[in-house]
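What follows is the residue order along each chain.
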Amino acid sequence: MHTTDVLIVGGGIVGLGTGLALAGRATVTVIEAEGHLAQHQTGHNSGVIHSGLYYKPGSAKALNCAAGRELMYQFCAENGVPYDRCGKLVVATDESELPALAELERRGAANGLTGIQRLNAAEMREIEPHVNGVAALRVPETGIVNYKAVSEVYARKITDAGGSVHTGTQFLGCRTEQDALTAETNAGPVRAKLLVNCAGLHSDRVARLCGIEPGVRIVPFRGEYYELKPRAEHLCRHLIYPVPDSRLPFLGVHFTRMIGGGVECGPNAVLAFKREGYRFRDVDLSDLAELAVNPGFWKMARKFWRVGLHEMYRSLSRRAFWHALRKLIPEVSFHDLVPAGAGVRAQAVAPDGKLVDDFFVCQAPRMIHVLNAPSPAATASLAIGRSIADAVLKELV
């Protein structure tokens, strides 16, 4: 039987960030069900190092993003991971969005962003000549990176410090004992003093396998991307975002320069029919059955059905997606768009149908469960990992 101080379930960037924070201070074992690390949310996001502009001051997202952003820049610089602190514009395309833009500016200041600037239309086009709008916020703290590359360095540092990282290892359940717990996996049992659940899309299921009622259910939302053809890449110099809908934890379709080159456009946000539903045709009947008996899902659906239908239409129609992008950059041609990848966001939904907006972590005897860690969790992974590690070490004393 494999023994360890801390068993971390999930080899995405939050699980690996937690393992890194514990490495050298406790024995750490990370298990990942997939054959490779960072295969889901970590490996399918747009690679943005978020500034902390959007989040409610004092929230876990705001605090961890502010700290994690600078830790991420420092980590990349010290470990040779390519990054670009390129900045972004958040653009109000008409007068009706100006109050929301002002609220973002207030939040950014409250969250410690010192470089944020309010720009008029002329100033905005000096930075992004092809953008359309009446005003914008310039946020120089925003950057880009490849989070898969970051995760690989996290994993290497864990193993260099004496920890272990195992792929192709699925968590099946656990039983607690007086001074430890035993986790069952498809590769055999693991005895640990404490378990940390960072299973992302399956975090609620892992909690239930541990005998914990998480109080939320994960609902998967697919975000689909296009890329600009090389001939159109000059239309976007930095990152260009719309003013987001404050009712939803999504930022709207936007333009993102990628660290490896090229410009990504998107994502939208549509209900996925499978927890790993990266394509429209990916369907899992058991996942759908779980949604069907979830009262929180139906309450959410009743509240946002119009938004959901609009997002579905934009998913099925490239022309509708193109029209959304043209609000920001009118010169983008329909033929400039090339279908790219997709990601699936693990969104926790409460029993009352509310989309859980903040990070959500709960503790139980010998366990810590990370039950909602969408964007900006990758940006904040070092800060989240340190806070979880502090809680773990208190339990191990």
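Note: the structure precedes this text.
Residues numbered from 1 in each chain as written. Predicted model: local features only at pLDDT ≥ 70, side-chain atom pairs only at ≥ 80, totals over all residues. Heavy atoms only, no water.

### Overview of the pairing of strand 11 (residues 181-185)
Step number 1: By the criterion of burial, strand 11 is predominantly enclosed, with 4 of the 5 residues buried.
Step number 2: Linking two consecutive strands that pair antiparallel, namely strand 10 (residues 171-176) and strand 11, is a turn of 4 residues.
Step number 3: As defined by bridge partners, strand 11 adjoins strand 12 (residues 190-197) across 3 bridges and the pair is classed as antiparallel. Across the sheet, the residue bridging to Ala-183 is Val-190, located in strand 12. (Buried < 20%, exposed > 50% of the residue type's maximum accessible area, 1.4 Å probe, protein only. Helix = DSSP H or I, 4+ residues; strand = E, 2+ residues; numbered from the N terminus. Pairing = 2+ DSSP bridges.)

### Considering the pattern of salt bridges
Step number 1: What the rule picks out here adds up to 23 salt bridges.
Step number 2: One salt bridge connects Arg-205 with Asp-287, and the closest N-O pair in it is separated by 2.5 Å. Of this pair, Arg-205 sits in helix 6 (residues 203-209) while Asp-287 sits in helix 7 (residues 285-292), and the two are 82 residues apart along the sequence. Both residues of the pair, Arg-205 and Asp-287, count as buried.
Step number 3: For the salt bridge of Arg-275 with Glu-290, the shortest nitrogen-to-oxygen distance reads 2.8 Å. Of this pair, Arg-275 sits in the loop between strand 17 (270-271) and helix 7 while Glu-290 is found in helix 7, placing the two residues 15 residues apart along the sequence.
Step number 4: Overlapping salt bridges, with partners in common, bring together Asp-204, Arg-205, Arg-208, Arg-275, Asp-287 and Glu-290 in one network. (Salt bridge = Lys/Arg side-chain N within 4 Å of Asp/Glu carboxyl O.)

### Digging into the packing of aromatic side chains
Any aromatic ring pair is given by two values, namely how distant the centres are and how the planes are angled relative to each other.
Step number 1: Across all of its chains, the model carries 8 aromatic pairs by this definition.
Step number 2: Between Tyr-73 and Tyr-83, the aromatic rings sit 5.6 Å apart at their centres with planes inclined by 50 degrees, giving tilted as the arrangement. Of this pair, Tyr-73 sits in helix 2 (residues 60-79) while Tyr-83 sits in strand 4 (residues 83-84); the two residues are 10 residues apart in sequence, bridging distant segments of the chain.
Step number 3: Exposure remark for Tyr-73: the relative accessible area of 4% places this residue in the buried category.
Step number 4: Judged by its relative accessible area of 34%, Tyr-83 falls in the partly exposed class.
Step number 5: Ring geometry for Phe-297 versus Trp-298: centroids 5.1 Å apart, planes at 70 degrees, classification edge-to-face.
Step number 6: Taking the relative accessible area as the measure of exposure, Trp-298 reaches 42% and is therefore partly exposed.
Step number 7: An aromatic cluster is defined as three or more aromatic residues linked by ring pairs; in this entry it consists of Tyr-54, Tyr-55 and Tyr-241.
Step number 8: Over the aromatic face of Tyr-241 sits the side chain of Lys-88, whose NZ or CZ is 4.0 Å from the ring centroid.
Step number 9: Its guanidinium or amino end placed over the ring of Phe-334, Arg-319 lies 4.3 Å from that ring's centre, counting from NZ or CZ. (Phe/Tyr/Trp six-rings, centres within 6.5 Å; stacked < 30°, edge-to-face > 60°. Lys NZ or Arg CZ within 6 Å of the ring centre and 35° of its normal.)

### As for the packing of helix 2 against helix 5 (residues 147-160)
Step number 1: Helix 5 packs onto helix 2 with a crossing angle of 70 degrees between their chain directions and a minimal axis gap of 11 Å. Regarding the angle of helix 2 to helix 5, the classification is roughly perpendicular. Contacts between helix 2 and helix 5 involve Met-72, Phe-75, Cys-76 and Asn-79 from the first element and Tyr-147, Val-150, Val-153, Tyr-154 and Lys-157 from the second. (Axes fitted to C-alpha atoms, helices over the stretch in contact; angles between N-to-C directions. Parallel < 35°, antiparallel > 145°, perpendicular 65-115°, else oblique. Contact = heavy atoms within 4.5 Å.)

### Notes on the side chain of Ser-59
Step number 1: Tracing the backbone shows Ser-59 in the loop between strand 3 (48-49) and helix 2.
Step number 2: Within polar-contact distance, the side chain of Ser-59 engages the backbone oxygen of Lys-56 at 2.7 Å. (Polar contact = N/O pair within 3.5 Å; in protein donor to acceptor, adjacent residues only side chain to side chain.)

### Things to note about the packing of helix 1 (residues 13-22) against helix 10 (residues 381-396)
Step number 1: The geometry of helix 1 relative to helix 10 is characterised by a closest axis approach of 7 Å and an angle of 55 degrees between their N-to-C directions. For the element pair helix 1 / helix 10, the angle class is oblique. For the element pair helix 1 and helix 10, the recorded crossing hand is right-handed. Touching Ile-13, Val-14, Gly-17, Thr-18, Leu-20, Ala-21 and Leu-22 of helix 1 are Ser-381, Leu-382, Ile-384, Gly-385, Arg-386, Ile-388, Ala-389, Val-392 and Leu-393, all from helix 10.
Step number 2: Counted by class, the contact of helix 1 with helix 10 contains 11 nonpolar, 4 polar and 1 charged residues. (Left-handed = near helix turned anticlockwise from the far one by under 90°. Nonpolar A, V, L, I, M, F, W, Y, C, P; charged D, E, K, R; others polar.)

### Quick look at the sheet that holds strand 3
Step number 1: Read from one edge to the other, the open sheet built from 3 strands follows the order 3-8-4, with strand pairing classed as antiparallel. The open sheet has two edge strands with one neighbour each: strand 3 and strand 4.
Step number 2: Across 2 bridges, the pairing between strand 4 and strand 8 (residues 143-145) is antiparallel. When the bridges of strand 8 are listed, Asp-84 appears paired with Ile-144.

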